[in-house]
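Residues per chain, in single letters:
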2 protein chains.
Amino acid sequence: MKREQNMLEKRAKILEAAIPLFADNGFSATTVATIAKQAGVGFGTVFNYFVSKEDLFKAAVIEPLDEQREILKKIVMAQGTPHERLKKMVICHLQHFSNHRNQMRLMFYVLGQPERFPEIAEELFAFARDFFAAVVPIVEEGQTNGEIPACDPLGLSWSYFAYINGVVMTMLDPPDDPKWEQFILHGCRLFGITD
Amino acid sequence: MKREQNMLEKRAKILEAAIPLFADNGFSATTVATIAKQAGVGFGTVFNYFVSKEDLFKAAVIEPLDEQREILKKIVMAQGTPHERLKKMVICHLQHFSNHRNQMRLMFYVLGQPERFPEIAEELFAFARDFFAAVVPIVEEGQTNGEIPACDPLGLSWSYFAYINGVVMTMLDPPDDPKWEQFILHGCRLFGITD
DNA sequence: ATAAAAAGATTGATTAATCAATCACTTTTT
DNA sequence: AAAAAGTGATTGATTAATCAATCTTTTTAT
């Protein structure tokens, strides 16, 4: 049993090392040797866990998505008015992003080059579609009861998605930087939330 | 005289070929051979115009900034209320971006990896600072006369910058796609502009 | 319980492919 | 005919992936 546990930990260590390196340097400029060194394993070991550099990259981008999905689910399931739920969503997203910047940078790095990483980008697009499918009904509900200004809900969802994408790519400061507060404030404003 | 003209045109052709290739594939995965082929020149010719691949990349990112500066200047100099000027700015930016997507993708690609391209990123940061220095006074003026909701003007400028960054990276559709209208609408909303 | 043996994991030197940059030669312009 | 620009084959450096040797864990046999 010890072996299986060790291998899971080692795999996680490699991924953990790979994510910031890929986020900082992109796919090609990140070498497997550097990842191995950073993870504290031998060069060859990496290929016991991932069949290729591409495979490792894919895992580094896609596996953190699961955590995202759970956050999204919580928001959809949450109680409260659309106003409250959307506000919570914005806060939740931006706090999560500020604490997982490299994962997010990596995701949006791939979204910025979809033709280069078609398979991975397709998974991210699918996630984005799920995201819209979850947000649109909340917006619509808010528009019905007058909490949210009238507009195309899908257009608003796209705009919000672009906004959080841009924040992640632009914002390199640590989670305690006051700019994050500002980004939350204006993220809410997109939905017409001004308090 | 003919020679000088030809050389300028050839240089421009190389840059024109390089921009979308770098935007699609990033720095490392774009080969000089591909750029040369796309530009219709020989491999060696590229190095008559640019001392290295890095040099070509830098030119591809930075030279289009001049056009950006002119747009910015027009907005600052323009007559009208802050409301009118900011609305024009958003429209102007997003229309420009939709028509120069690859240039913009390339700029934001570099901003996403500032430690990898420190020199180029510094020039882009300098541009961003100029941008903020131009936008903040307009926002302040609008807040003074009540057209723009009260908030930290620099925080708002950052949020807008992140927004347009995100739109460029997210939005791959052609300029006539109706989503661009939506992005303009919600860009205006960030500034509290709702008409 | 202990030891031998089998299975599985770790490793980095080697290999083969890729690509930036050079440079000797050719073509075009002055 | 001199100068300048264009060119692509060659070169050297880099790096992903392999693999044979080594080490570690698990299983089996006594």
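Calculation notes
- Residues numbered from 1 in each chain as written.
- Chains lettered and ligands numbered in written order.
- Predicted model: local features only at pLDDT ≥ 70, side-chain atom pairs only at ≥ 80, totals over all residues.
- Heavy atoms only, no water.
- Helix = DSSP H or I, 4+ residues; strand = E, 2+ residues; numbered from the N terminus.
- Buried < 20%, exposed > 50% of the residue type's maximum accessible area, 1.4 Å probe, protein only.
- Contact = heavy atoms within 4.5 Å.
- Lys, Arg positive; Asp, Glu negative; His and termini not counted.
- Charge placed at Lys NZ, Arg CZ, Asp CG, Glu CD.
- Least-squares fit on C-alpha atoms with pLDDT ≥ 70 in both.
- Salt bridge = Lys/Arg side-chain N within 4 Å of Asp/Glu carboxyl O.
- Near = heavy atom within 4 Å.
- Polar contact = N/O pair within 3.5 Å; in protein donor to acceptor, adjacent residues only side chain to side chain.
- Nonpolar A, V, L, I, M, F, W, Y, C, P; charged D, E, K, R; others polar.
- UniProt positions renumbered as here; feature names shortened; annotations may be inferred.
- Domains from an automatic or database assignment.
- Buried area = accessible area lost by both parts, 1.4 Å probe.
- Core = buried A, V, L, I, M, F, W, Y, C linked by side-chain atoms within 4.5 Å.

## Points about the overall build of chain A
Secondary structure summary: chain A contains ten helices and zero strands in total. For chain A, the residues scored as buried account for 52% of the 195 residues in total. Intrachain contacts of chain A at a sequence separation of at least 6 include 69% that bridge at least 24 residues. Side-chain charges in chain A split into 20 positive and 25 negative, and the spacing between the mean points of these groups amounts to 7 Å.

## Comments concerning the relation of the copies chain B and chain A
Mapping chain B onto chain A calls for a screw motion: a turn of 180° about the axis and a shift of 0.0 Å along it, with 0.1 Å RMSD after fitting. Look at the turn and shift together and you get a two-fold axis relating the two. Among all residues of chain B, the minimum C-alpha distance to the rotation axis is found for B:Gly166, at 1.8 Å. Interface overlap between copies: 100% of the residues of chain B at the interface are likewise at the interface in chain A, consistent with a symmetric, same-surface contact.

## What about the pattern of salt bridges?
All names here are of chain B. In total, this model carries 16 salt bridges over all chains according to the counting rule given. In this structure, lysine 58 and glutamate 119 form a salt bridge, with 2.6 Å as the shortest nitrogen-oxygen distance. Of this pair, lysine 58 sits in helix α4 (residues 53-62) while glutamate 119 sits in helix α8 (residues 118-144), and the two are 61 residues apart along the sequence. Looking at lysine 58, the relative accessible area reads 25%, which means it is partly exposed.

## Observations concerning the environment of A:Gly142
Residues and elements named next belong to chain A. By the element assignment, glycine 142 lies in helix α8 (residues 118-144). Judged by relative accessible area, glycine 142 falls into the buried class, the value being 0%. Expressed as a C-alpha distance, the spacing of glycine 142 and phenylalanine 191, which sit 49 residues apart in the sequence, is 9.5 Å. Discounting chain neighbours no more than four positions away, the residues touching glycine 142 are Pro82, Glu147 and Ile148.

## Quick word on the protein's contact with DNA strand D
In the neighbourhood of DNA strand D, 21 residues make up the surrounding shell, with A:Phe43, A:Lys53, B:Arg3, B:Gly42 and B:Thr45 lying closest. For DNA strand D, the fraction of atoms within 4 Å of the protein that belong to sugar or phosphate moieties is 65%. A distance of 3.0 Å separates a phosphate oxygen of DNA strand D from a polar side-chain atom of B:Tyr49. Ranked by residue count, the leading element in the surface near DNA strand D is helix α3 (residues 43-49) of chain B, at five residues. Here the residues of the surface near DNA strand D are counted per class, giving eight nonpolar, seven polar and six charged.

## Quick look at the side chain of B:Thr170
Its location among the elements puts B:Thr170 in helix α9 (residues 153-170). What makes B:Thr170 buried here is its relative accessible area of 10%. The contact partners of B:Thr170, leaving out residues within four places of it in the chain, are A:Trp158, A:Phe161, A:Ala162 and A:Asn165.

## Focus on the UniProt feature "DNA-binding region" (unreviewed entry) in chain A
Within the UniProt annotation, "DNA-binding region" (unreviewed entry) is assigned to residues 31-50 of chain A. Within residues 31-50 of chain A, the helical portion is 75% and the strand portion 0%, while the C-alpha atoms at the span's ends are 14 Å from each other.

## Section: the domain arrangement of chain A
Residue and element names in this part refer to chain A. Segmentation of chain A into domains returns domain 1 (2-61) and domain 2 (64-190). Contacts between the two partners involve 13 residues from domain 1, matched on the other side by 15 residues from domain 2. For the domain 1 and domain 2 pair, buried surface summed over both sides reaches about 1,200 Å², with 68% attributable to carbon and sulfur atoms. Scanning the region where domain 1 abuts domain 2 turns up two salt bridges. Linking domain 1 with domain 2 are five residue pairs in polar contact (both at pLDDT 80 or more), by the criterion used here.

## Description of the nonpolar core
Nonpolar side chains tend to gather and get buried jointly when the protein is soluble and globular. The biggest cluster of nonpolar side chains holds 140 residues, and the ones touching the most others in it are A:Phe57, A:Phe191, B:Phe57 and B:Phe191. Contacts of B:Phe191, omitting those with residues within four sequence positions, involve B:Leu86, B:Met89, B:Val90, B:Val135, B:Val139, B:Ile148, B:Pro149, B:Leu156 and B:Tyr160.

## Here we look at the interface of chain B and chain A
Residue-level contacts link 38 residues of chain B with 38 residues of chain A. Buried surface at the junction of chain B and chain A, both sides included, amounts to about 3,200 Å², of which 61% is carbon and sulfur. Of all residues in chain B, B:Trp158, B:Thr170 and B:Arg189 bury the most surface against chain A, accounting for 17% of the area lost on that side. Where chain B packs against chain A, one counts zero salt bridges. If you look at where chain B meets chain A, you find twelve residue pairs in polar contact (both at pLDDT 80 or more). Those elements giving two or more residues to the side of chain B that touches chain A turn out to be α1 (2-25), α7 (101-111), α9 and α10 (179-190) of chain B. Among the elements that make up the side of chain B that touches chain A, the one with the highest residue count is α9(B) (twelve residues). For the side of chain B that touches chain A, the residue count by class is 19 nonpolar, twelve polar and seven charged.

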